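For reference, the chains in residue letters:
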Amino acid sequence: MDPVVLGEILSVLLFAVTIGTLMLGYPVAFTLAGTSLFFALAGWLVGAFDPSYFATIAPRYFGIMQSEVLVAVPLFILMGTVLERTRIAEALLTTMGQCFGSVRGGLAISVILVGALLAASTGVVGATVVTMGLISLPAMLRAGYDPKLATGAICASGTLGQIIPPSTILIFVADFLQGANSEAQLRKGNFAPDPVSVSDLFAGALLPGLLLVGLYILWSVMLAALRPSSAPAIPMNDAERASLPGRIVSSLVPPLVLIMAVLGSILGGIATPTESASVGAVGAVLLAFVRRELSFARVQEAAESTLRTTSMVFVILFGASIFSLVFRTMGGELLIEEVLHGLPGGRVGAVLAAMGLMFVLGFFLDTFEIVFIVVPLTAPALLMLDVDPIWLGVMIGVNLQTSFLTPPFGFALFYLRGVAPGSVTTGDIYRGSLPFVALQVLALGALWVFPELATWLPRLLFR
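Keep in mind that what you see is a predicted model, and the values were worked out from it rather than measured.

What counts, and where the lines are drawn
- Residues numbered from 1 in each chain as written.
- Predicted model: local features only at pLDDT ≥ 70, side-chain atom pairs only at ≥ 80, totals over all residues.
- Heavy atoms only, no water.
- Helix = DSSP H or I, 4+ residues; strand = E, 2+ residues; numbered from the N terminus.
- Rg over C-alpha atoms; globule rule 2.2 N^0.38 Å.
- Buried < 20%, exposed > 50% of the residue type's maximum accessible area, 1.4 Å probe, protein only.
- Areas by Shrake-Rupley, 256 points an atom, 1.4 Å probe, with all protein chains shown as cover.
- Lys, Arg positive; Asp, Glu negative; His and termini not counted.
- Charge placed at Lys NZ, Arg CZ, Asp CG, Glu CD.
- Axes fitted to C-alpha atoms, helices over the stretch in contact; angles between N-to-C directions.
- Parallel < 35°, antiparallel > 145°, perpendicular 65-115°, else oblique.
- Left-handed = near helix turned anticlockwise from the far one by under 90°.
- Contact = heavy atoms within 4.5 Å.
- Nonpolar A, V, L, I, M, F, W, Y, C, P; charged D, E, K, R; others polar.
- Expected span 1.5 Å × (residues − 1).
- Polar contact = N/O pair within 3.5 Å; in protein donor to acceptor, adjacent residues only side chain to side chain.

Visitor: What should I look at first to understand the overall build of the protein in this one?
Guide: Helix and strand counts for the protein come out as 20 helices and zero strands. Taking 23 Å as the expected radius of gyration for a compact globule of 463 residues, we find that the protein reaches 23 Å, a close match to that expectation. Its C-alpha atoms give the protein principal-axis dimensions of roughly 80 × 45 × 40 Å. Taking all 463 residues of the protein together, 53% fall into the buried category. For the protein, the computed accessible surface area is about 18,900 Å², with 70% contributed by carbon and sulfur atoms. Measuring between centres, the 21 positive side-chain charges of the protein sit 13 Å from its 26 negative side-chain charges.

So this is what it looks like as structure tokens:
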């Protein structure tokens, strides 16, 4: 059989076996690298793969480690980890809960707003969901909230860190799209393409992120109006009402200052995302010092947590580099391009197919796994069809946010299950997440119909 055809068959099998192995729960980085090496050996034996291509792996690794853009990842993780230990989230949740609690659905609204603020100041999904689950869920249950609404609001607002900047996922998506866009434009004869930067994607994701916040709040208000017993109001006494303004100022000002320092410097073109991430990390440490919660033990905990998370992400990226190399050189990339370009509907059909694949994989795989495997394989073919790279990146970000919410393997659901009381069943958590998954699909549809939601602000600020 023709080695080219054998290579394409092996590349398809490589993708299928890798996804299947990941679903069985094997370590991601070793699965990506080990499976790829096994298929590379098979491809070499049948003449479909040249082992000399592995010589490009070392330069790729050094390029990743020397990338100034990717330095922002550990800095943003450190910022979020330090803030997690300063009890800013606890103060925000308590104060905002009393601020909105006097109206039906007010606790759900406060959880969503605090989730958005924490997303813009930390971007750490697990920490946000656990914190809100420990503090807000018992209060909502005591107030008589429907467990499905309470758990759904907490999980959905916790995942906002995936789309509201600064988001580590968007940093990696921007890095992949920059390379894919340059490659696509060169193939089309454009030797001076507009760059796709992290700042572009941060600006493009801001309005869709706020749209999601608005949809979540609208759903909570509608549910409270249609079923008042599911989201009752909570009265405040005179002492709580009198002290509320001061507590609002003391709770809101620190995260808002940090958000303005980080996002404002990026969107204003004052600093690069990496420089802003360093400002955010230093700002988080200063906030902890001002709140008298900075100690050597907490700094050590934050540093160790940052090291573990960063190491996990980059080891997965290294494994994904081997997977991408083997898949591409055996002809998988050209096969994907032919399939996407040959779908009915042209560009529309190709984007729908790619988005559908990511959405389905989100039921079973983690966000980073999907980004490192699927985005590098599909983005070049989509960009060859003149898809706007910023719009594509934001669509990917919103789509991948659903992977944290979709049963059975949504990580936000697992995080909440770990801290939820026994009276809240896993079925309550799963059923509570489904309306918010539907709202995210609705937001994807709005982005599809109105791409300016993602492209208007980047063009206004940076073009």
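Visitor: I'm lost on the packing of helix α8 (residues 147–158) against helix α18 (residues 411–419) in this one. Help?
Guide: When two helices pack together, their arrangement is given by the angle between their axes and by how far apart the axes lie. Relative orientation of the contacting elements α8 and α18 amounts to 125 degrees, with a least axis distance of 9 Å. When the interaxial angle is binned, α8 and α18 end up oblique. Crossing angle aside, the handedness with which α8 passes α18 is right-handed. Across from T151, I154 and C155 in α8, the residues of α18 making contact are A412, L413 and L416. The class makeup of the residues in the contact of α8 with α18 is five nonpolar, one polar and no charged.

Visitor: Help me understand the packing of helix α10 (residues 198–226) against helix α19 (residues 426–449), please; the structure alone is not making it clear to me.
Guide: Two numbers describe how α10 lies on α19: the axes approach to 10 Å, and their chain directions differ by 140 degrees. For the element pair α10 / α19, the angle class is oblique. The crossing of α10 and α19 is right-handed. Two secondary-structure elements touch here, α10 through P208, L211, L212, L215, Y216 and W219 and α19 through P435, F436, L439, Q440, L442, A443, A446 and L447. Within the contact of α10 with α19, the residues separate by chemical class into 13 nonpolar, one polar and no charged.

Visitor: How should I be thinking about helix α4 (residues 72–84) in this particular structure?
Guide: In an α-helix, one turn spans 3.6 residues, which is why side chains three or four residues apart end up on the same side. When the terminal C-alpha atoms of α4 are compared, their 18 Å separation across 13 residues agrees well with the 18 Å that a helix rising 1.5 Å per residue should span. Residues of α4 that are buried include every one of A72, V73, F76, I77, M79, G80, T81, V82 and L83, and no others.

Visitor: Mind showing me how you'd approach the environment of T159 here?
Guide: Position of T159 relative to the elements: it lies in the loop between α8 and α9 (168–187). For the pair T159 and A116, spaced 43 residues apart in the sequence, the C-alpha separation amounts to 9.1 Å. Filtering out sequence-adjacent residues up to four positions away, T159 remains in contact with V125, Y216, Q401, F404, L405, A412 and Q440. Within polar-contact distance, the side chain of T159 engages the backbone oxygen of A156 at 2.7 Å. Within polar-contact distance, the side chain of T159 engages the side chain of Q401 at 3.0 Å.

Visitor: Is there a simple way to think about unusual backbone geometry in this case?
Guide: Leave glycine aside and you will find that most residues have negative phi; peptide bonds, for their part, are mostly trans. Note the cis peptide between P165 and P166, where omega equals 5 degrees. Tracing the backbone shows P166 in the loop between α8 and α9.

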